[in-house]
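Each chain, written out:
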Amino acid sequence: MRGIAGGGALDYTGGMRLGLLGAGVVVAVSGSTGCLDRNPMFEEPLPTGSDSDGATTKVEGMTNGVLSTTTSTTSEGTTVEPGTTTEHEDTHWPLTTTSTSSTTTGMTFVMEMCGDGMVEGGEECDDINPDIDDGCIDCKVPRTCADVRQFVPNVDSGVYEIDVDGMGGYPPLAVYCDMATTGGGWTVIERSPREDPIGTALFVDAAVNSNLPEEPRFRIKKEAIELLLPHVAEMRIDCGGDDYLLTDAGAIFSGEGLPVCARATVVYKEARLKGYALTDTELCTGFHGLAEGCWGAWNVDEYSQQDCGLPPHPWNFMVPITSDGADAFAVDASALDNGQMMPPIHDCHEPGAVRVVMLR
């Protein structure tokens, strides 16, 4: 990932890790000749060669989700196994096959059942209980809050457990999922209040209450964000009102490697400020926070657009919206909107404001 000050755009793709291992099951079934009806409850003559006496196979019944059958043959040296296919026919069964002799074959049909406590078939987990916030939802493991929303539509906002790296070694992570903003499915990675801001750039590994995702002051570890990035597309910054910034998720570590307090261009899909809206636009953005001696963590100063070679006051064509020099969208801003202008103070500078950074 690299940044270019003075009007250059940031490249967000270079440092992203892709192709994380997901949960999966591979089942191999081998067979020879014969054809098995897809209906498991049947009695059917099996072909056994030219000297066959008409041997049959019979399903004896089902117990605890398991079907058992045995077959035998009377022809010399010929046995047909249930579950084998001819040409391109597929039984679509998860089969476990064992052989007891040259003339007898046993077959066990395992019925996949979500909620029985056993991980089998295409299941990723199975913890018996119906809870949707404990990391196992309908026998699937959510990687993001968008997964939670997909697995259980219309679910409420709240704390859920996700597994950001699937089968990897990173432990499950409790996060707050915003299921209300623009369709929901947002994974909150930082919450910073104006009265007690975190005040450092988003690329700084400065976890705050990382195991308490409902706290007003909260940020997950940088490693967790890195593992989350391959599964998300968008990043949103807002303070609970109408003002917000929306950009690609890969932009979250923008400014890393730049000189302290340097600004660089970020391309925003949407940028709204006090009723004025921009789409697919470049804005000169500051990344370091007040705790690092800069203007405010992730701020957009209307006037300072010229630092990146862009015209000032982009929202209203050379007319300022916020107070002169205000570092919009930073709750730790060195220059707050003073409220003397119309429209008044924007969302992130309101008393009691809490800025949220989230990924989807």
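Residues numbered from 1 in each chain as written. Predicted model: local features only at pLDDT ≥ 70, side-chain atom pairs only at ≥ 80, totals over all residues. Heavy atoms only, no water.

Engineer: In this structure, what is going on with the overall build of the chain? I would like to understand it.
Structural biologist: Helices and strands together make up the secondary structure of the chain, namely two helices and 16 strands. Expressed as a percentage of its 360 residues, the buried residues of the chain come to 45%. Sequence-distant contacts, at least 24 apart, represent 54% of the contacts inside the chain between residues at least 6 apart. As displayed, the chain has an accessible area near 17200 Å², and 51% of this comes from carbon and sulfur atoms. (Helix = DSSP H or I, 4+ residues; strand = E, 2+ residues; numbered from the N terminus. Buried < 20%, exposed > 50% of the residue type's maximum accessible area, 1.4 Å probe, protein only. Contact = heavy atoms within 4.5 Å. Areas by Shrake-Rupley, 256 points an atom, 1.4 Å probe, with all protein chains shown as cover.)

Engineer: Before we go on, may I ask you to explain the nonpolar core in this structure?
Structural biologist: A general tendency of soluble globular proteins is for nonpolar side chains to be buried together. Core analysis: the biggest nonpolar cluster contains 53 residues, and Ile-252, Trp-298, Trp-315 and Leu-359 have the highest contact counts within it. For this core, the element with the highest residue contribution is strand E12 (residues 263-273), accounting for five residues. Not counting residues within four places of it along the chain, the set of residues in contact with Ile-252 comprises Ile-189, Leu-202, Phe-203, Ile-225, Leu-229, Met-235, Trp-298 and Leu-359. (Core = buried A, V, L, I, M, F, W, Y, C linked by side-chain atoms within 4.5 Å.)

Engineer: Honestly, the environment of Tyr-160 in this entry has me stumped. Any pointers?
Structural biologist: As for its position among the elements, Tyr-160 is in strand E6 (residues 158-162). On a C-alpha basis, the gap between Tyr-160 and Thr-144 in space is 9.3 Å, while along the polypeptide they are 16 residues apart. Residue contacts for Tyr-160: discarding those within four places in its chain leaves Ile-132, Asp-133, Val-148, Val-155, Leu-173, Ala-174, Val-175 and Cys-177. Among the polar contacts listed, one links the side chain of Tyr-160 to the backbone oxygen of Asp-156, at a separation of 2.6 Å. (Polar contact = N/O pair within 3.5 Å; in protein donor to acceptor, adjacent residues only side chain to side chain.)

Engineer: I'm lost on the pairing of E12 in this one. Help?
Structural biologist: In summary, the side chains of a regular strand alternate between the two faces of the sheet. Bridging between strand E11 (residues 244-248) and E12 involves four bridges; their strand directions are antiparallel. Bridge pairing links Leu-246 to Glu-270 in E12. In this structure, E12 lies alongside strand E13 (residues 276-286), joined through ten bridges in antiparallel fashion. Residue pairing in the sheet places Ala-271 in a bridge with Leu-278 of E13. (Pairing = 2+ DSSP bridges.)

Engineer: Would you mind going over the pattern of salt bridges with me for this structure?
Structural biologist: Opposite charge on two side chains lets them pair, provided their charged atoms get close. In this structure the tally under the stated criterion is ten salt bridges. The salt bridge involving Glu-190 is made with Arg-355; its shortest N-O contact spans 3.2 Å. Pair noted here: Glu-190 is in strand E8 (residues 186-193) and Arg-355 is in strand E16 (residues 354-359), with a separation of 165 residues, a long-range link. Summarising the burial analysis for this pair, Glu-190 and Arg-355 share the class buried. When salt bridges that share partners are traced, they join Glu-234, Asp-248, Lys-269 and Arg-360 into one network. (Salt bridge = Lys/Arg side-chain N within 4 Å of Asp/Glu carboxyl O.)

Engineer: Quick question: what am I supposed to make of the environment of Gly-250 here?
Structural biologist: Here Gly-250 is to be found in the loop between E11 and E12. Along the sequence, Gly-250 and Glu-226 sit 24 residues apart, while their C-alpha atoms lie 9.4 Å from each other.

Engineer: I'm lost on the environment of Val-188 in this one. Help?
Structural biologist: By secondary structure assignment, the location of Val-188 is in strand E8. According to the relative accessible area criterion, Val-188 is buried, its value standing at 2%. Between the alpha carbons of Val-188 and Met-235 there is a distance of 9.8 Å; along the sequence they are 47 residues apart. Apart from residues lying up to four places away in sequence, Val-188 is in contact with Tyr-176, Asp-178, Phe-218, Val-356, Val-357 and Met-358.

Engineer: Can you walk me through the pairing of E8 in this structure?
Structural biologist: The buried fraction of E8 is high, at eight of eight residues. Where strand E7 (residues 173-178) lies against E8, two bridges are found, and the strand directions are antiparallel. From the neighbouring strand, Asp-178 faces E8, where its bridge partner is Trp-186. Across six bridges, E8 lies against E16 in antiparallel orientation. Looking at E16, one finds that Glu-190 is bridged to Val-357. By the bridge criterion, two bridges tie E8 to strand E9 (residues 218-219) in an arrangement that is antiparallel.

Just geometry here; none of it tells us what the structure is for.
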